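Listed below are the residues making up each chain.
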Amino acid sequence: MRRVRRSGSTASVHRELTVTGIESMNDQAKRTRPTWPETWMAIARTVAARSYDPRLKVGAIVVSSDNTQMLSGGYNGNYAGGPNEHESSEPGQSGFIHAEINALIKLDFNFSKEKHMYLTHSPCRMCAKCIINAGIAQVVYGEAYRDPSGVDLLRIAGVSAMSLEQATAMSRAKQKKDLT
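Residues numbered from 1 in each chain as written. Predicted model: local features only at pLDDT ≥ 70, side-chain atom pairs only at ≥ 80, totals over all residues. Heavy atoms only, no water.

Engineer: Describe in detail the packing of aromatic side chains, supporting the description with residues and values.
Structural biologist: Aromatic ring pairs are described here by two measures, namely the spacing of the ring centres and the angle between the planes. Tallied over the entire structure, the rule returns one aromatic pair. An angle of 25 degrees between the planes, with centres 5.3 Å apart, marks the rings of W36 and W40 as stacked. Highlighted residues: W36 and W40, both in helix α3 (residues 36–48), separated by four residues, approximately one helical turn. Judged by relative accessible area, which is 6%, W40 ranks as buried. (Phe/Tyr/Trp six-rings, centres within 6.5 Å; stacked < 30°, edge-to-face > 60°. Helix = DSSP H or I, 4+ residues; strand = E, 2+ residues; numbered from the N terminus. Buried < 20%, exposed > 50% of the residue type's maximum accessible area, 1.4 Å probe, protein only.)

Here it is in structure tokens:
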């Protein structure tokens, strides 16, 4: 690493920083730093890993819209103390409580800030109804569920619903705008 002289101009200091790699490390960190949607989705995916469902492990977390607090989390599973096995291997009939419901029943509904939910998979129609009634303002999902009617219902009810890719693109565009 070369030493930066104090008497140099701003341009020469900039050149020195570029030569030493300091500036390029900061640029790289800006590009690789995950957005909030990516960060929250990583947590939802970790929560999903706790599910005993052999077919589909779903995770859900609820956060404050300002990204300062994680408020609750849930995964698809049985009732507390119940057997860790599904009731049926037929799709949609596992008997497990859905991740969204598990996250919502743990949520403090007196929390005054706007709430967002991050899901590993888009919600079914019944979970979408619960999300609407819980006052969740935005839902971000990692993968589309086989039945899109839950996302459709959220949008009809005025809840912002989008894929992780869409949320990440919006977040990166906002970061770019904030830097200019």
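There's plenty left to go through after this.
Engineer: I'd like to hear about the sheet that holds strand β4 (residues 136–143), residue by residue, with values.
Structural biologist: If you trace the five strands from one edge of the open sheet to the other, you get β2-β1-β3-β4-β5, paired in mixed fashion. Strand pairing shows two members of the sheet lacking a second neighbour, β2 (70–75) and β5 (160–163), which therefore form its edges. With strand direction ignored, the average angle separating the axes of adjacent strands in the sheet is 15 degrees. Note: β4 against β5, four bridges, orientation parallel. Residue pairing across strands places V139 opposite A161, the latter belonging to β5. (Pairing = 2+ DSSP bridges. Axes fitted to C-alpha atoms, helices over the stretch in contact; angles between N-to-C directions.)

Engineer: Quick one: what's the story with the environment of D108, residue by residue and with numbers?
Structural biologist: With respect to the helices, strands and loops of the structure, D108 is situated in the loop between α4 (99–105) and β3 (115–121). Between the alpha carbons of D108 and S72 there is a distance of 8.3 Å; along the sequence they are 36 residues apart. A distance of 2.9 Å separates a polar atom in the side chain of D108 from the backbone nitrogen of N110. (Polar contact = N/O pair within 3.5 Å; in protein donor to acceptor, adjacent residues only side chain to side chain.)

Engineer: Account for the confidence of the model for the protein chain, with residues named and values stated.
Structural biologist: In this model, the protein chain carries a mean pLDDT of 87, and residues with pLDDT of at least 70 account for 82%. Every residue in residues 1–6 scores below 50 in pLDDT, and together they form eight contacts with partners more than four places removed in sequence or on other chains. (pLDDT = per-residue confidence, 0-100. Contact = heavy atoms within 4.5 Å.)

Engineer: Tell me what's going on with helix α5 (residues 125–133), and back it up with residues and numbers.
Structural biologist: Three or more residues of α5 are buried, namely C127, A128 and I131. The arc enclosing the buried residues of α5, seen along the axis, measures out at 105 degrees, which places them on a common side. Seen from the buried face of α5, the exposed residues on the opposite side, beyond 90 degrees, are M126 and N133. At its buried positions, α5 is contacted by α4, β3, β4 and α6 (149–156). (Arc of directions from axis to C-beta.)

Engineer: Requested: an account of the nonpolar core, with residues and values cited.
Structural biologist: Grouped together as the largest cluster of nonpolar side chains are 20 residues, with contacts concentrated most on L104, M117, L119, I131, I136, V139 and L154. When contributions to this core are tallied by element, the ones reaching two or more residues are β1 (59–64), α4, β3, α5, β4 and α6. Not counting chain neighbours up to four residues away, the residues in contact with M117 comprise I61, V62, E100, A103, L104, I131, I136, Q138, V139 and V140. W40, Y118, V140 and L164 belong to the second-largest nonpolar core, a separate cluster that totals 11 residues. (Core = buried A, V, L, I, M, F, W, Y, C linked by side-chain atoms within 4.5 Å.)

Engineer: With reference to specific residues and values, describe unusual backbone geometry.
Structural biologist: Of note, N67 is a non-glycine position whose phi angle comes to about 65 degrees, a positive value. With respect to the helices and strands, N67 occurs in the loop between β1 and β2.

Engineer: Tell me about α6, and name the residues and values.
Structural biologist: Looking at α6, one finds that the buried residues are S149, G150, V151, L153 and L154. Where α6 is buried, its residues contact α5, β4 and β5. The first or second residue beyond α6 is G158, which carries a positive phi of 90 degrees.

Engineer: Provide a residue-level description of the pairing of β3, including the pertinent values.
Structural biologist: Remark: a regular strand shows side chains that alternate across the two faces of the sheet. Summarising burial for β3: seven of the seven residues are buried, a large majority. Of the pairings in the sheet, the one linking β1 to β3 comprises five bridges and is antiparallel in character. Across the sheet, residue V63 finds its bridge partner in β3, namely H116. As paired elements, β3 and β4 share six bridges and run parallel to each other. Bridged to M117 within β4 is V139. Once the chain exits β3 it traverses α5 before rejoining the sheet at β4, and the crossover so formed is right-handed. (Right-handed = clockwise from strand over helix to strand, strands pointing away.)

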